[in-house]
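Coordinates in review
Take a look at the letters that make up each chain.
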Amino acid sequence: KRPFATRTLARWHALRAPILRRLVDSEGTPRFWQPGGGYDRNIFTGNELWEKIRYIHRNPVKRGLVDSAADWKWSSTGHYRNTDYTGPEIRHPHTLRLVAPGGGFAPIDLDNL
């Protein structure tokens, strides 16, 4: 993350990009990323994968931005429900390889979860 942020901020400084004023923290330091370490994690099972997908789909509903996840313009909900989906193309194989507990990879068939 850090090299990308450094390159991007340097380019924006060179261009005197107006966005830089909005990225300054309370001490005057430009911040490209939000503070904190984030929430990176491995997903080990198909059930856990679907739990994360559902969580992401519910975010705009929980924030009160839409009544239904399918109403969110950028949601992939329609893709996963096999309904009329007009969002960006989603390319993924029907079988994903997830990290298995203890290492290695475990195939997860998305069509049979």
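If you're wondering where the values come from, they're calculated on a predicted model, not measured in any experiment.

The rules behind each value
- Residues numbered from 1 in each chain as written.
- Predicted model: local features only at pLDDT ≥ 70, side-chain atom pairs only at ≥ 80, totals over all residues.
- Heavy atoms only, no water.
- Helix = DSSP H or I, 4+ residues; strand = E, 2+ residues; numbered from the N terminus.
- Expected span 1.5 Å × (residues − 1).
- Buried < 20%, exposed > 50% of the residue type's maximum accessible area, 1.4 Å probe, protein only.
- Phe/Tyr/Trp six-rings, centres within 6.5 Å; stacked < 30°, edge-to-face > 60°.
- Polar contact = N/O pair within 3.5 Å; in protein donor to acceptor, adjacent residues only side chain to side chain.
- 1 Å grid on protein atoms, 1.4 Å probe; cavity = no way out; pocket = protein on both sides within 12 Å on 5 of 7 lines; lining within 4 Å.
- Points joined across faces, edges and corners; volume = space filled by probe spheres on them.
- Nonpolar A, V, L, I, M, F, W, Y, C, P; charged D, E, K, R; others polar.

1. Brief notes about helix α2 (residues 46-62)
Relative to the 24 Å expected for 17 residues at 1.5 Å per residue, α2 spans 24 Å between its end C-alpha atoms, a close match to the ideal helical length. Those residues of α2 that fall on the buried side of the exposure criterion are Gly46, Glu48, Leu49, Trp50, Ile53, His57 and Pro60.

2. Let's talk about the packing of aromatic side chains
Throughout the structure, instances matching the rule amount to four aromatic pairs. Between Phe4 and Phe32, the aromatic rings sit 5.5 Å apart at their centres with planes inclined by 70 degrees, giving edge-to-face as the arrangement. Here Phe4, found in helix α1 (residues 2-15), pairs with Phe32, found in the loop between α1 and α2; they are 28 residues apart in sequence, far enough to count as distant. A residue is classified by how much of its surface remains accessible, and Phe4, at 41% relative accessible area, is partly exposed.

3. A few points about the side chain of Thr8
Considering the arrangement of structural elements, one finds Thr8 in helix α1. A polar side-chain atom of Thr8 sits 2.8 Å from the main-chain carbonyl oxygen of Phe4.

4. With respect to the layout of surface pockets
Reported here for the largest pocket is a volume of approximately 230 Å³. In terms of lining, the largest pocket is formed by 13 residues, of which the most central are Arg2, Ala5, Arg31, Phe32 and Trp33. Within the lining of the largest pocket, the residues separate by chemical class into six nonpolar, four polar and three charged.

5. Thoughts on the environment of Asp84
Along the polypeptide, Asp84 turns up in the loop between α3 (77-81) and β1 (95-99). For the pair Asp84 and Ala70, spaced 14 residues apart in sequence, the C-alpha separation works out to 9.9 Å.

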